[in-house]
Amino acid sequence: MKRVLVFGTFDLIHPGHINFLRQARRRGRWLIVSIARDGFVSHMKKRAPVHTEHERLTRILETRLVKEAYLADEEIGTYAVIREAKPDIICLGHDQDMLKDNLLNWLREQKIEIPVVTLSAHKAHRYKSSKIRK
């Protein structure tokens, strides 16, 4: 059973998120999500999330596409979820370039070999949390 890990905020779950989760799920049978912490969201997006991290964790599980969900580490870039979830593959969104660079460096430093795949966007001009929020 191939385990697939994705990362995200998943604040306002929209069709772009559902498409992302479905694309990731097609890469394996067991989908695992790491949910960004509230402090990280506030720092990176310069605004507080609409839903708390615990609400977002519950909501992502309610999609029924996800088998496991974790809150991300408090300390950015430590990736404890990788050691805990033991994914066979990591899928990232089309807009997660900064995460990809950081993650690939961390994997290299830790001497962990896990394929990292960037998934395609689903109507990014329409389904992006920042656009939906307005």
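Procedures and definitions
Residues numbered from 1 in each chain as written. Predicted model: local features only at pLDDT ≥ 70, side-chain atom pairs only at ≥ 80, totals over all residues. Heavy atoms only, no water. Helix = DSSP H or I, 4+ residues; strand = E, 2+ residues; numbered from the N terminus. Buried < 20%, exposed > 50% of the residue type's maximum accessible area, 1.4 Å probe, protein only. Areas by Shrake-Rupley, 256 points an atom, 1.4 Å probe, with all protein chains shown as cover. Lys, Arg positive; Asp, Glu negative; His and termini not counted. Charge placed at Lys NZ, Arg CZ, Asp CG, Glu CD. Core = buried A, V, L, I, M, F, W, Y, C linked by side-chain atoms within 4.5 Å. Contact = heavy atoms within 4.5 Å. Pairing = 2+ DSSP bridges. Axes fitted to C-alpha atoms, helices over the stretch in contact; angles between N-to-C directions. Salt bridge = Lys/Arg side-chain N within 4 Å of Asp/Glu carboxyl O. Patch = residues over 30% accessible without salt bridge, like charges linked within 9 Å, V, L, I, M, F, W, Y side chains within 5 Å. Phe/Tyr/Trp six-rings, centres within 6.5 Å; stacked < 30°, edge-to-face > 60°.

(A) Geometry of the overall build of the chain. When helices and strands are counted, the chain shows 6 helices and 5 strands. Reading the chain from its N terminus to its C terminus gives the helix and strand order β-α-β-α-α-β-α-β-α-β-α. Taken along the three principal axes of its C-alpha coordinates, the chain extends 40 × 30 × 25 Å. Taking all 134 residues of the chain together, 43% fall into the buried category. In the form shown here, the chain has an accessible surface area of approximately 7,800 Å², with 50% of it arising from carbon and sulfur atoms. Considering the chain, the positive charge centre built from 26 side chains and the negative charge centre built from 16 side chains are found 9 Å apart.

(B) Quick look at the nonpolar core. Counting 18 residues, the largest nonpolar core has Val-6, Phe-10, Leu-21, Val-33 and Ile-60 as its most contacted members. Going through the elements one at a time, β1 (3-8), α1 (15-25), β2 (30-35), α3 (53-61) and β4 (89-92) are the ones with two or more residues in this core. With sequence-adjacent residues up to four places away left out, Phe-10 is seen in contact with His-17, Phe-20, Leu-21, Val-33, Ile-35, Arg-56 and Ile-60.

(C) Geometry of the sheet that holds strand β3 (residues 68-71). On the basis of which strands lie adjacent, the open sheet formed by 5 strands has the order β3-β2-β1-β4-β5 and parallel pairing. Of all strands in the sheet, those bounded by a partner on one side alone are β3 and β5 (116-118). Taken pair by pair, the neighbouring strands of this sheet meet at an average axis angle of 25°, ignoring direction. Packing of α3 onto the sheet brings it into contact with β2 and β3, and relative to β3 it is tilted by some 170°.

(D) View of the pattern of salt bridges. Applying the stated rule across the entire model yields 5 salt bridges. A salt bridge links Asp-11 to Arg-47; its shortest N-O distance comes to 3.8 Å. You can see Asp-11 sitting in the loop between β1 and α1 and its partner Arg-47 sitting in the loop between α2 (38-45) and α3, a full 36 residues away along the chain. One salt-bridge network, in which partners are shared between bridges, spans Arg-37, Glu-53 and Glu-74.

(E) Inspection of unusual backbone geometry at higher detail. The residue Arg-64 is not glycine, and still its phi comes out positive at about 65°. Among the secondary structure elements, Arg-64 is positioned in the loop between α3 and β3. The phi dihedral of Lys-111 is positive, around 60°, even though this residue is not glycine. Counting through the fold element by element, Lys-111 comes out in the loop between α5 (97-110) and β5.

(F) Structural detail: a nonpolar patch on the surface. Together, Phe-40, Met-44, Ile-76 and Met-98 make up an exposed nonpolar region whose accessible area comes to about 400 Å². Positionally, Met-44 belongs in helix α2.

(G) Structural detail: the packing of aromatic side chains. Inspection of every chain in the model, using the stated rule, returns 3 aromatic pairs. Aromatic pair Phe-7 and Tyr-79: ring centres 5.9 Å apart, planes at 80°, arrangement edge-to-face. Of this pair, Phe-7 sits in strand β1 while Tyr-79 sits in the loop between β3 and α4 (80-85), and the two are 72 residues apart along the sequence. The same class applies to Phe-7 and to Tyr-79, which are both buried. By way of ring pairs, the aromatic residues Phe-7, Tyr-79 and Trp-106 are connected into one cluster.

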